[in-house]
Amino acid sequence: MSARRLPSLSALRAFEAAARHQSAKLAAGELSVTPTAISHQLRQLEASLGVSLFVRKPRRLELTAAGRELRAVLQSAFDSIEDAVSRLRAAPLR
C-alpha cells in the first residue's frame with residue numbers, strides 16, 4: 001500500500017478553522033497558536049496545493065472557489081472524526 005499524499009494535518013486544521021471564522025486571528029485563538037502561525041500554515045497549504053484558498057482582505061479572509069470546496073470536504077471529514085471520537089469516549093473500556 002502506498003503512502004497517503006496529504007498536506008500536513010496541522011495546515012488542514014488551520015485552514016478549516018480560518019475558513020469557518022473567516023479570520024486568522026480567531027482561528028489562532030481556537031487552536032492556541034499565533035495569527036502568524038496560522039498565516040504560515042495557510043501559505044504552506046496553498047503552496048503545496050498550488051491554488052489560492054483565500055482572498056486576503058483587511059481583517060477578513062474570503063474563500064475562493066477552491067477554498068469553499070476544500071472547506072466543505074474538511075468540515076465533513078472533521079465532523080466524522082469528531083463523531084467517532086465521541087462514540088469511543090462514551091463506550092466503556094474493554
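From a predicted model like this one, the values you see are computed outputs, not experimental measurements.

Participant: Sorry if this is basic, but what is going on with the pattern of salt bridges here?
Facilitator: Two side chains that carry opposite charge are able to pair once their charged atoms sit near each other. The final tally for this structure, using the stated rule, is five salt bridges. Here Glu62 ties to Lys57 by a salt bridge, and the two come within 3.4 Å at their closest N and O atoms. Classification of Glu62 by relative accessible area gives partly exposed; the value is 28%. You can call Lys57 partly exposed: its relative accessible area is 35%.

Participant: Just to check I follow, could you spell out the pairing of strand S2 (residues 60-63) for this structure?
Facilitator: One face of the sheet, then the other: side chains in a regular strand alternate in exactly this way. Taking every second residue as pointing to the same face, the buried face of S2 carries Leu61 and Leu63, while none of Arg60 and Glu62 on the other face is buried. Relative to S2, strand S1 (residues 54-57) runs antiparallel, the two being bridged by four bridges. Its bridge partner lying in S2, Val55 is registered against Glu62. Count of turn residues in the S1/S2 antiparallel hairpin: two residues, of which Arg59 carries a positive phi of about 60°.

Participant: I would appreciate a short explanation of helix H3 (residues 35-49) in the present structure.
Facilitator: Structural remark: α-helix, 3.6 residues per turn; residues separated by three or four positions point the same way. With 15 residues, H3 extends 21 Å from end C-alpha to end C-alpha; this agrees with the ideal 21 Å at 1.5 Å per step. Restricting attention to buried positions, one finds in H3 the residues Ile38, Leu42, Leu45 and Glu46. Projected down its long axis, H3 shows its buried positions confined to an angular sector of 95°, all on one face. Exposed residues on H3 whose side chains face more than 90 degrees from its buried face are His40, Arg43 and Ala47.

About the criteria used
Residues numbered from 1 in each chain as written. Predicted model: local features only at pLDDT ≥ 70, side-chain atom pairs only at ≥ 80, totals over all residues. Heavy atoms only, no water. Salt bridge = Lys/Arg side-chain N within 4 Å of Asp/Glu carboxyl O. Buried < 20%, exposed > 50% of the residue type's maximum accessible area, 1.4 Å probe, protein only. Helix = DSSP H or I, 4+ residues; strand = E, 2+ residues; numbered from the N terminus. Pairing = 2+ DSSP bridges. Expected span 1.5 Å × (residues − 1). Arc of directions from axis to C-beta.

Any functional reading would require information that these geometric values do not contain.
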